[in-house]
Amino acid sequence: MSLLIVGLSHKTAPIDIREKLYFPETRLPDALENLISQSAISESLIISTCNRTEVLAHSPDINLGIHLVTDFLSDFHGQPKEVIQNFLYDFSHTDAVRHVFRVASSLDSMVLGEPQILGQVKNAFTLANRLGAVGENLSPLMNKAFHVAKRIRSETGISNSAVSISYAAVELSKKIFDTLNGRTVLLLGAGKMSELSAKHLTSQGVSKLLIWNRTYQRAVDLAKTLQGEAIPPEELFRHVERADILICSTGAPGVVLRKTDGQRIIKLRKNRPVFIIDIAMPRDVDPEINKIDNIFLYDIDDLRHVVDANLKHRLKEAQFAEGIINEEVQSYVNQVHSLDITPTIVALKKHWDLIRQEELEKTKKQLGELSTEQEVALENMTQSIIKKLLHGPISEIKSVHQTSSGSKHIEMIKKMLGLKE
Amino acid sequence: MSLLLLRLTIGFYSIGLLHAFLTIITRKKILFRMVLASIVIGFFCHSFAIGLAWSESQHPPISTLQDVLSFFALVIVLAFLLSYARYRLDSLSVFVFPLAFILTLLANLISSPSQPYPEILRSLWLYIHVPTIFLGYSAFFVAFASGLMYLIQENELKRKRPQAFYYRLPSLEVCDELGYRSLSIGFPLLTIGLVAGTFWQLPLKLDPKIVASFITWLTYGILITYRLSANLRGKKAALMAVLGFIFVMVTFFGTRSQGSAHSFIQ
């Protein structure tokens, strides 16, 4: 398996190096053409994102290939080789397969399990495929990598917990309400933060948006842009019980919602749960309110704790994912080896050469003393007979081994030529 | 033949038990579809076993302790399959599969009664009284399991430090709704069963099981009234559903009265 990867990522290089080796999409075709025009590189693929640049190549000579790709990176980006070399890593053979699988499955990502990388790898492959830069070696590898990534996403929980504050809030809402469809959200305070969270929640299916602000005009303005309903300052407690989710971010110096308010809200809501997110500084909501049944209060630190726990959860899931990677790398390597015909050809040649030598010895004994020239002539003649006889079968093996019934044909040829295994 | 089928059922249910254990230990969803398939096959095996037992023994398959345990397991699996069809909660299986297995295993271990079949049970009332009560119980079991899930998930959300359960358990809303639905199915069934039993045995001679049943009925009655009129929901409702099922278990296993209509044939 003559596979190699040269690259760098957020794990080995700081941003100012990564941006120097970044391939913008418009320059990728040039880069790929440049790579495969090298005689020692038969196929190539470039994955370039803000977190990594990886050049994947198929080359009959791994060491030369790695050398060529490194030179290429240096030349193409006009960066001195001595500088970038400190940040580059390389993988070959099985390790390269593992690395590709890990990258596609987001196990090598900055945010473990983030879903974008798979799309980026897919785009890189589509482009290389269109340019004819990938073929019989890299295409199956990449397809396998997509399969592995899909398997890991469905069999482990690596991608299904929120790792950002705003998404953690959505996730928590769904743990309380199951779905956000048809829910009402009340923004307490019409600042930038609450506007952002409101947009986030509306995109998740929240249907009604109430906006309250100490300055009424600001609420009215925001209500217009977000298509919500502005609530006059003095009417807050007439509307607050309509909200399933409360986002508090007022600039008020003290507590806006007291525990007694919470009790009243729950009573008015007939025990339907409320999720309160307090992102105000200082906090708007008395923390004691969380002790009331059916009220769930999260401040910014609580949300951060959830994100931390989710990251830990992802790490745990990543261990399962590594198990899947091992399994899949093994299966891929086995598959490739079964397609590899070099050992067959070597064995064939050896087998026939053995026969040739045996027969040659016998003949020599019968002929008695021979001159050196005669011996050389005999040697040459027998060798060329073998070479000519094997030429047909070997080219046949080479041409059929890529086809679906290739292994069957090869078995047949091996049997006919007296090669037993 | 019916005994063989029952053992086969135990085999299928044991896969469910194993799955529940693995789920708890590894906190992962492993081959759930296959396990579900084996539970469904087990369920059909089980129904067939009970049907055969009926034709073999000439008395309804809800008369002996053995019968009743087996029937209880069957309706619990049925309740699970119905709620799974609606809510797709695989976490429920962790509660249901072990119980179904244990009940069926017990049913298999208890020897068949040697006493003659008592005259008192030769009544059409039996066909109403026993099945409705156990169907009700199985609904209460689902309510119990959803109540437990609710309490665990609520605790995770209140503590604000999510652990494994947070990721695996359904949302509070779903737990609450499933609990409520199960109650509103279970309570009428239990009521019908108890009324049928009362008419059957008039004039009623109180035995411990009757008293315990009444307490159980009252508990669920209060819960469902509160749910309907005072909008009791969430944690308190979940707690009551859990408590209610403990009463059910006490009624079922804890009260044996010799000589009354509720003593099982030995």
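Bear in mind that the values here come from a model prediction, so they are computed numbers and not experimental data.

A.B. asks: Help me understand the overall build of chain A in this model?
C.D. replies: On a plain count of helices and strands, chain A comes out with 16 helices and 10 strands. Its C-alpha atoms give chain A a radius of gyration of 34 Å, more than 25% over the compact-globule value 22 Å for 421 residues. With respect to the principal axes defined by its C-alpha atoms, chain A has extents near 120 × 45 × 30 Å. Relative to its full complement of 421 residues, chain A shows a buried share of 49%. Considering only residue pairs separated by 6 or more positions, chain A has 70% of its internal contacts joining residues 24 or more positions apart. Carbon and sulfur atoms make up 54% of the accessible area of chain A, which amounts to about 21300 Å² in all. Across chain A, the centroid of the 51 positively charged side chains sits 7 Å from that of the 52 negatively charged ones.

A.B. asks: Would you explain the sheet that holds strand E6 (residues 208–212) of chain A in this entry?
C.D. replies: What links the strands of a sheet is backbone hydrogen bonding, and the strands pair in either a parallel or an antiparallel sense. All names here are of chain A. A sheet is described by the order of its strands in space; here 6 strands give the open sequence E7-E6-E5-E8-E9-E10, paired in parallel fashion. The open sheet has two edge strands, strand E7 (229–231) and strand E10 (295–299), and neither has a second partner. Direction aside, neighbouring strands of the sheet carry axes that sit 20 degrees apart on average. Packed on one face of the sheet, helix H8 (residues 165–177) meets strand E8 (245–248), strand E9 (274–278) and E10 and runs near 165 degrees to E9.

A.B. asks: Would you mind showing me how to read the environment of Arg130(A) here?
C.D. replies: Tracing the chain through its elements places Arg130(A) in helix H6 (residues 116–130). Along the sequence, Arg130(A) and Gln357(A) sit 227 residues apart, while their C-alpha atoms lie 51 Å from each other.

A.B. asks: Which parts of the structure should I look at to understand the sheet that holds strand E4 (residues 89–92) of chain A?
C.D. replies: All names here are of chain A. Strand order across the open sheet formed by 4 strands is E2-E3-E1-E4, with antiparallel pairing between neighbours. Edge positions in the sheet fall to strand E2 (43–48) and E4, since each has one partner strand and no second. Taken pair by pair, the neighbouring strands of this sheet meet at an average axis angle of 15 degrees, ignoring direction. Examined bridge by bridge, E2 and strand E3 (residues 52–58) share 6 bridges and lie antiparallel to one another. Across the sheet, Ile46 pairs through a bridge with Val55, a residue of E3.

A.B. asks: Please clarify how the confidence of the model for chain B should be interpreted in this entry.
C.D. replies: Low pLDDT marks regions whose predicted coordinates should not be analysed in detail. When pLDDT is averaged along chain B, the result is 85; 91% of the residues meet or exceed 70. The ipTM assigned to the predicted complex is 0.84, against a pTM of 0.74.

A.B. asks: Is there a simple way to think about the domain arrangement of chain A in this case?
C.D. replies: Size of an interface: often given as the accessible area lost when the parts come together. Each assigned domain of chain A is listed with its residue range as follows: domain 1 (3–155), domain 2 (165–305) and domain 3 (341–417). Distance from the C-alpha centre of domain 1 of chain A to the C-alpha centre of domain 3 of chain A: 41 Å.

A.B. asks: Explanation requested: the pairing of E6(A) in the structure shown.
C.D. replies: Here is the key point about a regular strand: its side chains alternate between the two faces of the sheet. Residues and elements named next belong to chain A. Of all 5 residues in E6, 4 are buried, a share of seventy percent or more. As paired strands, strand E5 (residues 184–188) and E6 are joined by 5 bridges and run parallel to one another. Bridge pairing links Thr184 to Lys208 in E6. Both E6 and E7 contribute to a ladder of 3 bridges, which runs parallel. Bridge pairing in E7 links Ile211 to Ala230. One crossover worth recording links E6 to the parallel E7 by way of helix H10 (residues 216–226), and it is right-handed.

A.B. asks: Which parts of the structure should I look at to understand empty space enclosed by the protein?
C.D. replies: Regions of empty space are outlined by a rolling probe, equal in size to a water molecule, passed over the atoms. Residues and elements named next belong to chain B. Under the criterion given, the structure shown has 4 cavities of 30 Å³ or more. Its boundaries defined by the atoms lining it, the largest cavity holds a volume of some 70 Å³. Forming the walls of the largest cavity are 14 residues, and the residues nearest its centre are Gly179, Arg227, Ala237, Ala238 and Ala241. Put simply, the parts of the chain that give the lining of the largest cavity at least two residues each are helix H5 (125–159), helix H7 (172–200), helix H8 (208–229) and helix H9 (235–254). With 5 residues, the top contributor of residues to the lining of the largest cavity is H7. For the lining of the largest cavity, the residue count by class is 9 nonpolar, 3 polar and 2 charged.

A.B. asks: Explain the interface of chain A and chain B here, please?
C.D. replies: In this assembly, 32 residues from chain A lie in contact with 25 residues from chain B. Carbon and sulfur atoms supply 49% of the area buried between chain A and chain B, which totals about 2300 Å² over both sides. Considering only the surface of chain A that becomes buried against chain B, Lys175(A), Asp293(A) and Phe296(A) emerge as the three largest contributors, covering 26% of it. Between the two partners, chain A and chain B, sit 3 salt bridges. Contributions of two or more residues to the side of chain A that touches chain B are made by H8, E10 and helix H13 (300–339) of chain A. If one sorts the elements of the side of chain A that touches chain B by residue count, H13(A) sits on top with 8 residues.

A.B. asks: Looking at this structure, I do not really get the packing of helix H2 (residues 32–57) of chain B against helix H4 (residues 93–109) of chain B. What am I missing?
C.D. replies: Packed helix pairs are specified by the crossing angle of their axes together with the interaxial distance, meaning the distance between the axes. Residue and element names in this part refer to chain B. Running from amino to carboxyl end, H2 crosses H4 at an angle of 35 degrees, the nearest separation of the two axes being 13 Å. The crossing of H2 and H4 is left-handed. Seen from H2, the contacting residues are Phe32, Val35, Ile39 and His46; seen from H4, they are Ser93, Phe97 and Thr104. The class makeup of the residues in the contact of H2 with H4 is 4 nonpolar, 3 polar and no charged.

A.B. asks: Teacher, can you tell me more about the pattern of salt bridges here?
C.D. replies: When their charged atoms lie close together, side chains carrying opposite charge are able to pair. Residue and element names in this part refer to chain A. Counted according to the given criterion, the structure contains 32 salt bridges over all chains. In this structure, the salt-bridge partner of Asp108 is Lys11, at a minimum N-O distance of 2.9 Å. Taken as a pair, Asp108 in the loop between helix H5 (93–104) and H6 and Lys11 in the loop between strand E1 (3–9) and helix H1 (15–18) lie far apart in primary sequence, 97 residues in all. A relative accessible area of 5% places Asp108 in the buried class. Overall, the relative accessible area of 51% leaves Lys11 in the exposed class. For the salt bridge of Arg102 with Glu322, the shortest nitrogen-to-oxygen distance reads 2.8 Å. Of this pair, Arg102 sits in helix H5 while Glu322 sits in helix H13, and the two are 220 residues apart along the sequence. What makes Arg102 buried here is its relative accessible area of 18%. Through salt bridges that share partners, Lys11, Arg52, Glu54, Arg102, Asp108 and Glu322 make up one connected network.

A.B. asks: Is there a simple way to explain the nonpolar core in this structure?
C.D. replies: Burial of nonpolar side chains together is a common tendency in soluble globular proteins. Ranked by size, the top nonpolar core spans 106 residues in total, and within it Ile245(A), Phe275(A), Phe72(B), Phe80(B), Leu92(B), Phe134(B) and Tyr137(B) carry the most contacts. Other than its neighbours up to four places away in sequence, Phe134(B) contacts Val68(B), Phe71(B), Phe72(B), Val75(B) and Phe252(B). The next biggest cluster of nonpolar side chains, apart from the first, holds 63 residues, and it includes Ile46(A), Ala57(A), Ala145(A) and Val333(A).

A.B. asks: Is there a simple way to think about unusual backbone geometry in this case?
C.D. replies: Residues other than glycine predominantly adopt negative phi, and peptide bonds predominantly adopt the trans conformation. Here Met281(A) and Pro282(A) are connected by a cis peptide whose omega angle stands at -5 degrees. Within the element layout of this structure, Pro282(A) appears in the loop between E9 and E10. Here Lys270(A), not a glycine, exhibits a phi torsion of approximately 50 degrees, which is positive. Within the secondary structure, Lys270(A) sits in the loop between helix H12 (259–268) and E9. Here Lys160(B), not a glycine, exhibits a phi torsion of approximately 65 degrees, which is positive. Along the chain, Lys160(B) falls in the loop between H5 and helix H6 (164–168).

Here is what the cut-offs are and how they apply
Residues numbered from 1 in each chain as written. Chains lettered and ligands numbered in written order. Predicted model: local features only at pLDDT ≥ 70, side-chain atom pairs only at ≥ 80, totals over all residues. Heavy atoms only, no water. Helix = DSSP H or I, 4+ residues; strand = E, 2+ residues; numbered from the N terminus. Rg over C-alpha atoms; globule rule 2.2 N^0.38 Å. Buried < 20%, exposed > 50% of the residue type's maximum accessible area, 1.4 Å probe, protein only. Contact = heavy atoms within 4.5 Å. Areas by Shrake-Rupley, 256 points an atom, 1.4 Å probe, with all protein chains shown as cover. Lys, Arg positive; Asp, Glu negative; His and termini not counted. Charge placed at Lys NZ, Arg CZ, Asp CG, Glu CD. Pairing = 2+ DSSP bridges. Axes fitted to C-alpha atoms, helices over the stretch in contact; angles between N-to-C directions. pLDDT = per-residue confidence, 0-100. Domains from an automatic or database assignment. Right-handed = clockwise from strand over helix to strand, strands pointing away. 1 Å grid on protein atoms, 1.4 Å probe; cavity = no way out; pocket = protein on both sides within 12 Å on 5 of 7 lines; lining within 4 Å. Points joined across faces, edges and corners; volume = space filled by probe spheres on them. Nonpolar A, V, L, I, M, F, W, Y, C, P; charged D, E, K, R; others polar. Buried area = accessible area lost by both parts, 1.4 Å probe. Salt bridge = Lys/Arg side-chain N within 4 Å of Asp/Glu carboxyl O. Left-handed = near helix turned anticlockwise from the far one by under 90°. Core = buried A, V, L, I, M, F, W, Y, C linked by side-chain atoms within 4.5 Å.

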